[in-house]
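Below are the chains, spelled out letter by letter.
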Amino acid sequence: MNFITKKVLEFQYKKLDDSKKRLNQHLEKRDSLINSDSDSKKEIEKIEKYIGIWNKNIQKIEKEIKKIEEKNLRL
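Residues numbered from 1 in each chain as written. Predicted model: local features only at pLDDT ≥ 70, side-chain atom pairs only at ≥ 80, totals over all residues. Heavy atoms only, no water.

1. Re the packing of helix H1 (residues 3-35) against helix H2 (residues 41-74)
Here is step 1: The N-to-C vectors of H1 and H2 enclose an angle of 160°; their axes lie 9 Å apart at closest approach. Between H1 and H2, the angle falls in the class roughly antiparallel. Here H1 and H2 pass one another in a crossing that is left-handed.
Here is step 2: The residue makeup of the contact of H1 with H2, split by class, is 17 nonpolar, six polar and ten charged. (Axes fitted to C-alpha atoms, helices over the stretch in contact; angles between N-to-C directions. Helix = DSSP H or I, 4+ residues; strand = E, 2+ residues; numbered from the N terminus. Parallel < 35°, antiparallel > 145°, perpendicular 65-115°, else oblique. Left-handed = near helix turned anticlockwise from the far one by under 90°. Nonpolar A, V, L, I, M, F, W, Y, C, P; charged D, E, K, R; others polar.)

Take a look at the structure:
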């Protein structure tokens, strides 16, 4: 694996880790709002949208990592 590929892969793994942390933050926030007695339906809906966005983002990053690793194995 050359230097540039290694750096790109490191960057993708960092992005993946950051995205998973962000997703977990939104999941925790949603759970705390659901468990509280407050009427925050709009806030929960907004958080659900963010959760969907972060899930898609994580899938894209994982796909990109897989593509880079497979390409490197062929070389």
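2. Some remarks on the UniProt feature "coiled-coil region" (unreviewed entry) in the chain
Here is step 1: What UniProt calls "coiled-coil region" (unreviewed entry) maps, in this numbering, to residues 16-71.
Here is step 2: As annotated, residues 16-71 has a helix share of 91% and a strand share of 0%, and its two end C-alpha atoms lie 19 Å apart. (UniProt positions renumbered as here; feature names shortened; annotations may be inferred.)

3. Comments concerning the nonpolar core
General note: in soluble globular proteins, nonpolar side chains tend to be found buried as a group.
Here is step 1: One finds Leu9, Leu16, Leu23, Leu33, Ile44, Ile47, Ile51, Trp54, Ile58, Ile61, Ile65 and Ile68 forming the largest nonpolar core, which totals twelve residues.
Here is step 2: Elements with a minimum of two residues in this core: H1 and H2.
Here is step 3: If one sorts the elements of this core by residue count, H2 sits on top with eight residues.
Here is step 4: Ignoring any residue separated from it by four or fewer positions in sequence, one finds Ile51 in contact with Leu23, His26, Leu27 and Arg30. (Core = buried A, V, L, I, M, F, W, Y, C linked by side-chain atoms within 4.5 Å. Buried < 20%, exposed > 50% of the residue type's maximum accessible area, 1.4 Å probe, protein only. Contact = heavy atoms within 4.5 Å.)

4. A few points about H2
Here is step 1: End to end, H2 covers 50 Å across 34 residues, agreeing with the expected 50 Å (1.5 Å per residue, within 8%).
Here is step 2: When we look at burial in H2, the residues that qualify are Ile44, Ile47, Ile51, Trp54, Ile58, Ile61, Ile65 and Ile68.
Here is step 3: In this structure, the buried side of H2 is in contact with H1. (Expected span 1.5 Å × (residues − 1).)

5. Brief notes about a nonpolar patch on the surface
Here is step 1: Residues Phe3, Ile4 and Val8 make up a contiguous nonpolar surface patch of roughly 330 Å² in combined accessible area.
Here is step 2: In this structure, Phe3 sits in helix H1.
Here is step 3: Classification of Phe3 by relative accessible area gives exposed; the value is 60%. (Patch = residues over 30% accessible without salt bridge, like charges linked within 9 Å, V, L, I, M, F, W, Y side chains within 5 Å. Areas by Shrake-Rupley, 256 points an atom, 1.4 Å probe, with all protein chains shown as cover. Salt bridge = Lys/Arg side-chain N within 4 Å of Asp/Glu carboxyl O.)

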